Amino acid sequence: MTSNQQIISDLRLAMDMHQHLDLMVIYKGVPVISKAEIKDIQGDIVTMITHDPGLVCLRTSPQTSILGSDYFEPSAAKIQKVEIQSGEVVLDEFTYLGTRLGERMIIRVEPAAPIPLKLEFEDQAIDGELVDISLSGAGVRIPSEKYTPLLKPGAVIQIKFELPNGAISISGTVLSGTRNVDLYRLSVRFGQNGEQKERIFRYMVDRRAQIEQELRTEYEKAKGEA
């Protein structure tokens, strides 16, 4: 795939001006940003340098988002190589992000392990798992054989689950559903519920702190092994 040459031109300008850019990937639901400087551009192959813990995320991700200054439009690039010790990140296949950036910047977290939940609708109840959560909604998995057309987009449901800081019972609307082998993933948007949202927010703050600590630990371990 050929890179957008306007992006390459803008990156050359950023390199000449010694501008730092942000490389963003999603790690366990959390947007992780690494400050990076452009080291070299050969054709449409760009080498950047960063020494932030986010390197371990970049090493396992196929793609990164590149955020910059007012003159640099948010872009995406394919990650070709990451060297932990030197901090080098080699990128190519640059494209503009456009409206996809907003979706990626939504703060959500993945639990350390899927959280059991009960999904109630009409006069039915299904056991499932919470796989990620934000203040606005959640990702839910249920067995494929338990899926019913009653859970189509627009369906109003009640979700009940336990967080470490208390029980949650919150209404929601199904936004979409995707089948994956023997599981069905539902994207759910929460309704308004101040008390429940407060509890979810506190959980997200605590879980994000855990994820960031995990990331720093993985980075130090990776540097020691390099």
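Residues numbered from 1 in each chain as written. Predicted model: local features only at pLDDT ≥ 70, side-chain atom pairs only at ≥ 80, totals over all residues. Heavy atoms only, no water.

Chemist: Lay out the sheet that holds strand β2 (residues 30–42) with the relevant residues and their values.
Modeler: Strand pairing in a sheet relies on backbone hydrogen bonds, with the paired strands running either antiparallel or parallel. A barrel is described by the order of its strands in space; here six strands give the closed sequence β1-β2-β3-β6-β5-β4, paired in antiparallel fashion. Strand after strand, the sheet turns through a mean of 45° between neighbouring axes, direction not considered. Sheet topology places β2 next to strand β3 (residues 45–49); five bridges connect them, and they run antiparallel. Within β3, the position partnered with Glu37 by the bridge is Ile49. Contacting β1 (20–27), β2, β3, β5 (75–83) and β6 (88–96), helix α1 (residues 5–16) crosses the sheet at an angle of about 85° to β2. (Pairing = 2+ DSSP bridges. Helix = DSSP H or I, 4+ residues; strand = E, 2+ residues; numbered from the N terminus. Axes fitted to C-alpha atoms, helices over the stretch in contact; angles between N-to-C directions. Contact = heavy atoms within 4.5 Å.)

Chemist: Go over the environment of Leu150 with me, naming the residues and quoting the values.
Modeler: Mapping Leu150 onto the fold places it in the loop between β9 (137–143) and β10 (156–163). Residues Leu150 and Gln124, spaced 26 residues apart in sequence, show a C-alpha to C-alpha distance of 9.8 Å. With near-sequence residues (within four places) excluded, Leu150 lies in contact with Phe121, Glu122, Gln124 and Ala155.

Chemist: Lay out the sheet that holds strand β7 (residues 115–121) in plain terms, naming residues and giving numbers.
Modeler: Reading around the barrel, the six strands line up as β7-β8-β9-β12-β11-β10 and close back on themselves, with antiparallel pairing between neighbours. Each neighbouring strand pair of the sheet contributes to a mean axis angle of 45°, computed without reference to strand direction. Pairing of β7 with β10, which is carried by four bridges, proceeds in the antiparallel orientation. Within β10, the position partnered with Leu119 by the bridge is Ile159. Sitting on the sheet, helix α4 (residues 194–225) is in contact with β7, β8 (124–133), β10, β11 (166–180) and β12 (183–190), with an inclination near 75° to β11.

Chemist: Describe the packing of aromatic side chains, naming the residues involved and giving the relevant values.
Modeler: Per the stated rule, a full pass over the model turns up one aromatic pair. For the pair Tyr147 and Tyr184, a centre-to-centre distance of 3.9 Å together with 5° between the ring planes defines the contact as stacked. Remark: Tyr184 occurs in strand β12 and Tyr147 occurs in the loop between β9 and β10; sequence separation between them is 37 residues. Note on Tyr147: relative accessible area 26%, which makes it partly exposed. The exposure class assigned to Tyr184 is buried, which follows from its relative accessible area of 14%. (Phe/Tyr/Trp six-rings, centres within 6.5 Å; stacked < 30°, edge-to-face > 60°. Buried < 20%, exposed > 50% of the residue type's maximum accessible area, 1.4 Å probe, protein only.)

Chemist: Tell me about the environment of Ser187, and name the residues and values.
Modeler: Among the secondary structure elements, Ser187 is positioned in strand β12. On the basis of relative accessible area, Ser187 is assigned to the partly exposed category, the value being 27%. Residues Ser187 and Ala138, spaced 49 residues apart in sequence, show a C-alpha to C-alpha distance of 6.1 Å. In contact with Ser187, other than residues within four places in its own chain, are Ala138, Thr173, Val174, Leu175 and Ser176.

Chemist: So what's going on with the side chain of Lys197? Residues and values would help.
Modeler: Looking at the element boundaries, Lys197 is found in helix α4. For the buried Lys197, no salt bridge exists, and the shortest N-O distance to an oppositely charged side chain is 11 Å, to Glu198. Excluding residues within four positions of it along the chain, Lys197 makes contact with Leu135, Ile170, Phe190, Gly191 and Gln192. (Lys, Arg positive; Asp, Glu negative; His and termini not counted. Salt bridge = Lys/Arg side-chain N within 4 Å of Asp/Glu carboxyl O.)

Chemist: So what's going on with the layout of surface pockets? Residues and values would help.
Modeler: The volume enclosed by the largest pocket comes to roughly 190 Å³. Elements represented by at least two residues in the lining of the largest pocket include exactly β2 and α4. Within the lining of the largest pocket, the residues separate by chemical class into eight nonpolar, one polar and four charged. (1 Å grid on protein atoms, 1.4 Å probe; cavity = no way out; pocket = protein on both sides within 12 Å on 5 of 7 lines; lining within 4 Å. Points joined across faces, edges and corners; volume = space filled by probe spheres on them. Nonpolar A, V, L, I, M, F, W, Y, C, P; charged D, E, K, R; others polar.)

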